[in-house]
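# Report on the structure
Listed here are the chains, written in short residue letters.
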Amino acid sequence: MPVEFADRMKNIKGSEIRELLKLTENPEVISFAGGLPAPELFPIEEMKKVSVAVLEEEGRAALQYSTTEGHGPLREKIAQRMNDKLKTNISKVDILITNGSQQGLDFAGKIFINKGDVILCESPSYLGAINAFNSYQPKYIEVPTDENGMIMEALEEILEKTKNVKMIYVIPDFQNPTGRTWSLERRKKFIEIINKYEIPAIEDNPYVELRFDEGFLPCLKALDTKGLIIYLGSFSKIFCPGYRLGWTCASPEILSKFIIVKQGADLQASTISQREVNKFMEMYDLDAHVEKIKSVYKVRRDLMLKTLEEELPEGVKFTRPSGGLFTWLELPENIDASELLKKCLENNVAYVSGEAFFPNGGKYNCFRMNYSTMTEDKIVEGIKRLAIALKEFM
Ligand code: PMP
């Protein structure tokens, strides 16, 4: 007898990114596909000392179960960091530690979405979030975007005529996949709009600290006046993704739901991971580490944009991100980026084609390129291979 699966599984498919990451195992392939931090920047020597210190000083606690909310001193440091850098006004009690910010996305779907409810998101949006939300069988309405982020007139128009919108999902800083950042004006307008309609919004912000250029902006949570913003933060891009530590920051009413759901999902984030990251922040300077990451990524971003400019044929547009890990390319309308990808793979270069970033599909001429993982010589060589494939294709 065939096994019968739950209805929700119909909407769930494997992530194209995960599949593509398998290709990067072939050393011949220059891959701009993943969103991986540069591994040569991981503080391995420091973490050897940190893990010994944790085990010697607090070994029993570190290997024990601990509270669902997370390790107090770590939550305190996160709150302090958000207040200093993002101009929020929060404290430790507003923070829940999660297993990466990805878990916060899954929980948001679980908490807010009944089957058939509407999620609004940027068009395009983060593929991993779409995959997480799909379990809860939502409908998506994609809100148009431009170089300054989500277009607020479009958002308002959609809200005006749509019932059942339960949540808005946004990435205001160095968006995945486009690398774009919302202007201050849009941020303020967004808060005005969600306040009017009283709809919770997920501010997914793993890249915010990776700003290479001038022009700091407050996060949406800092502008939030009605407690509608649910902020998701992460150590993955400012430290290391392997510890799988992220956090959710929300109003007490909303955070209490996340805490209950966390208990049911996995009880707590890894005690030892939390204590090790906390100890790193005590023994070393995380800000200095972030500066080091930024200085390497900035060089790679500059080189990628310069090489794209030099190598790509006319008619191909790309974004110029001020931070984060990605640029987004738009081909002439008649070119399908997933067809081009096949050609690129023959030339041993990879990217993620754009269609999967549109939850309702239907857009084929875009793709995302990552500049954090590949070294400088590979960035140049990879773009040359891409340009050859593209010219043959066009
Ligand atoms: N949100 C966005 C926009 C991302 O790009 C990512 C990772 N690529 C995540 C969330 C998940 O990150 P993590 O679970 O490692 O914190």
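Residues numbered from 1 in each chain as written. Predicted model: local features only at pLDDT ≥ 70, side-chain atom pairs only at ≥ 80, totals over all residues.

In the nomenclature of an unreviewed UniProt entry, the chain is known as PLP-dependent aminotransferase family protein of Romboutsia faecis. In its Cofactor (unreviewed entry) section, UniProt records this for the chain: "pyridoxal 5'-phosphate". (UniProt positions renumbered as here; feature names shortened; annotations may be inferred.)

## Topic: the overall build of the chain
When helices and strands are tallied, the chain shows 13 helices and 14 strands. The globule rule puts the C-alpha radius of gyration for 394 residues at 21 Å, and the 21 Å found for the chain is close to it. Taken along its principal axes, the extent of the C-alpha atoms in the chain is 60 × 60 × 55 Å. Taking contacts inside the chain between residues at least 6 apart in sequence as the whole, the part at least 24 apart equals 76%. (Helix = DSSP H or I, 4+ residues; strand = E, 2+ residues; numbered from the N terminus. Rg over C-alpha atoms; globule rule 2.2 N^0.38 Å. Contact = placed C-beta atoms within 7 Å.)

## Notes on the sheet that holds strand β13 (residues 352–353)
Pairing is antiparallel in the open sheet, where four strands are placed in the order β10-β11-β14-β13. If you trace the sheet from one side to the other, it starts and ends with β10 (317–318) and β13, each paired once. Note that β13 and strand β14 (residues 366–370) share two bridges and pair antiparallel. When the sheet's bridge partners are listed, S353 is paired in β14 with F367. (Pairing = 2+ DSSP bridges.)

## Here we look at the nonpolar core
M167, Y169, A201, I202, V277, Y351 and M369 are the most contacted members of the largest nonpolar core, which has 97 residues in total. Mapping this core onto the domain boundaries places at least three of its residues in each of domain 1 (7–42 + 288–393) and domain 2 (45–283). Not counting chain neighbours up to four residues away, the residues in contact with Y169 comprise I119, C121, S125, A129, I202 and D204. (Core = buried A, V, L, I, M, F, W, Y, C linked by C-beta atoms within 7 Å. Buried ≥ 20, exposed ≤ 12 C-beta atoms within 10 Å, placed from the backbone. Domains from an automatic or database assignment.)

## Here's the deal with the domain arrangement of the chain
For the chain, the assigned domains are domain 1 (7–42 + 288–393) and domain 2 (45–283). The interface of domain 1 with domain 2 comprises 31 residues on the first partner and 33 residues on the second. Sorting the residues of the side of domain 1 that touches domain 2 by element identifies α11 (286–311) and β11 (326–330) as the ones contributing at least two each. Looking at the side of domain 1 that touches domain 2 element by element, the count peaks at seven residues for α11.

## Observations regarding the site of the ligand
In the region of the ligand, 14 residues are neighbours, and G100, S101, Q102, S234 and S236 sit closest. Ranked by residues supplied to the shell around the ligand, first place goes to helix α4 (residues 100–112) with three residues. (Near = placed C-beta within 6 Å.)

## Some thoughts on unusual backbone geometry
Cis geometry is adopted by the peptide bond preceding P124, which originates at S123 and carries an omega value of 5°. Relative to the assigned elements, P124 resides in the loop between β3 (118–123) and α5 (127–134). Residue P177 is bonded to the preceding N176 through a cis peptide linkage, with omega at 20°. By the secondary structure assignment, P177 is in the loop between β6 (165–170) and α7 (184–197). For E198, which is not a glycine, the phi torsion comes out positive at approximately 55°. Relative to the assigned elements, E198 resides in the loop between α7 and β7 (201–204). For E198, a count of 8 C-beta atoms within 10 Å gives the class exposed. Positive phi, close to 60°, is recorded for N348, a residue that is not glycine. Take N348: it is sitting in the loop between α12 (337–346) and β12 (349–350).

## Some details on α11
Between its terminal C-alpha atoms α11 stretches 37 Å, which fits the 38 Å expected from 26 residues at 1.5 Å a residue. Looking only at α11, the buried set comprises Y297, R300, R301, M304 and L308. Its buried side turned inward, α11 meets β10, β11, β14 and α13 (376–393). (Expected span 1.5 Å × (residues − 1).)

## Comments concerning the UniProt feature "domain: Aminotransferase class I/classII large" (unreviewed entry) in the chain
UniProt's entry tags residues 50–386 with the feature "domain: Aminotransferase class I/classII large" (unreviewed entry), counted in the numbering of this structure. Its end C-alpha atoms 42 Å apart, residues 50–386 is made of 45% helix and 17% strand.

## Considering the sheet that holds β3
Taking strand neighbours across the sheet as the criterion, the eight strands line up as β2-β9-β8-β7-β6-β3-β4-β5 in an open arrangement whose pairing is mixed. The open sheet has two edge strands, β2 (95–99) and β5 (149–150), and neither has a second partner. Sheet topology places β3 next to β6; four bridges connect them, and they run parallel. Following the sheet pairing, L120 is matched in β6 by I168. Contacts from α4 reach β2, β6, β7, β8 (229–234) and β9 (245–249), with the element oriented near 155° to β8. (Axes fitted to C-alpha atoms, helices over the stretch in contact; angles between N-to-C directions.)

## Some points on the packing of α4 against α5
It is at 8 Å that the axes of α4 and α5 come closest, and there the two elements cross at 40°. The orientation of α4 with respect to α5, classified from their angle, is oblique. The two elements α4 and α5 meet at a crossing, and its hand is right-handed. Taken together, the residues of α5 that come into contact with α4 (itself represented by Q102, L105, D106 and G109) are G128, A129, A132 and F133. (Parallel < 35°, antiparallel > 145°, perpendicular 65-115°, else oblique. Left-handed = near helix turned anticlockwise from the far one by under 90°.)

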